Amino acid sequence: MFKHLPTLLLREWMQHKRGWLIAMLAPALLFMAMLPIGDVQGMPQGQPELLTLATLLLAGIVTWGICLMVAVFQLPGLARRDVQDRSIEFWLSLPGGHGESLLATLLAHGWLAPLAGLAVGTLLGFPIVVLLVGLKVSWGALGDVAWSQVLAVLPPLWLRAALGTLLTLVWMAPLVLVLMAASAWLKRIGVPLVLGGGGVAMLIMNKVYGIEWPSEQMAAWTAQLNKSMVTEPNGLSGAMGGYASPWVWAGQDALAGLSSLVSLQALGWAAIAGVAFWLLVLKRSRIA
């Protein structure tokens, strides 16, 4: 099933690279353009390494978030893309099946694009740091930054973010796949029907009939999704401040994130994602 993934991922890049590049580059470039005329408040004094690391992480996580939001908005509509642009004929020309093409779409938009955004945003954070410190503090203060310490902290944090992005996709998969299936089967009314109808149904069940478990499950799902990137924020603060080993924190936090997948809750959401994935494959096979 994974034999043709590189080709399919390359196809996603060729079709969506312009939008991805705009989402990755625009935030940092706009910030750098406004920095000379803007004002930045709340910068830590006498902590150049912490300021540098915080700026790099903030630049990366903002870009990551924008790329992830773009993916969430795009993915439901991509369920109809292959019919509209006749690329279903491309999938059928390959020995691989519909499941492989769907997996490539999910990985490209939900994991690789946000991860690339995180990397690009972090790299663009370096010129942001130079401008921020140089313009708002002093150019000489750049020499006070222990760059070796900053660079030593980045690899474990970036590896944890790579796993966190994958975990985010795993926890988002039930919602994204349900919306994709609804869009494929019900066309343009699918996504509003699922979101609006689901919200109204939970509200009626809770307020009228006193059935709270759907809203409780959604709240628990949201909590797990929020902890995908960082399970223990206090540990991250300690690692950034040099009070704990970043490698130890990253390993422990990664294990905590993975352990959340070993639960009945995760199994239930995986079942929903599996059914939605099967409905998408079924729809594609019928179109073909």
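Before reading on, note that the structure itself is shown above.
Described in the following lines is the structure provided in the data block.

Cut-off values and rules
- Residues numbered from 1 in each chain as written.
- Predicted model: local features only at pLDDT ≥ 70, side-chain atom pairs only at ≥ 80, totals over all residues.
- Heavy atoms only, no water.
- Core = buried A, V, L, I, M, F, W, Y, C linked by side-chain atoms within 4.5 Å.
- Buried < 20%, exposed > 50% of the residue type's maximum accessible area, 1.4 Å probe, protein only.
- Helix = DSSP H or I, 4+ residues; strand = E, 2+ residues; numbered from the N terminus.
- Contact = heavy atoms within 4.5 Å.
- Salt bridge = Lys/Arg side-chain N within 4 Å of Asp/Glu carboxyl O.
- Expected span 1.5 Å × (residues − 1).
- Bend = angle between axes of the 7 residues up to and from the residue.

What follows is about the nonpolar core. Residues Leu 75, Leu 106, Trp 171, Val 176, Leu 177, Met 180 and Leu 280 are the most contacted members of the largest nonpolar core, which totals 27 residues. Breaking this core down by element, the ones donating at least two residues are α2 (48–78), α5 (98–136), α6 (147–186), α8 (213–226) and α11 (264–287). Counting residues per element, this core draws most heavily on α6, at ten residues. Beyond its immediate stretch of four places on either side in the chain, Leu 177 contacts Leu 106, Ala 273, Ala 276, Phe 277 and Leu 280. Counting 19 residues, the second-largest nonpolar core is a separate cluster that includes Leu 35, Val 129, Ala 141 and Trp 249.

All right, on to the pattern of salt bridges then. Enumeration according to the criterion identifies two salt bridges in this entry. For Glu 12, the salt bridge goes to Arg 11, with nearest N and O atoms at 3.7 Å. Of the charged contacts in the structure, one is a salt bridge between Asp 253 and Arg 160, with a shortest N-O distance of 2.8 Å. Of this pair, Asp 253 sits in helix α10 (residues 246–259) while Arg 160 sits in helix α6, and the two are 93 residues apart along the sequence. Side by side, Asp 253 and Arg 160 carry an identical accessibility label, which is buried.

The next subject is α6. Here α6 contains 40 residues, and its C-alpha end-to-end distance of 54 Å stays within 8% of the 58 Å for a straight helix at 1.5 Å per residue. At Ala 173, α6 shows its largest kink, close to 50°, and the proline Pro 174 lies no more than four residues downstream. Positive backbone phi, at 65°, marks Lys 187, one or two positions downstream of α6.

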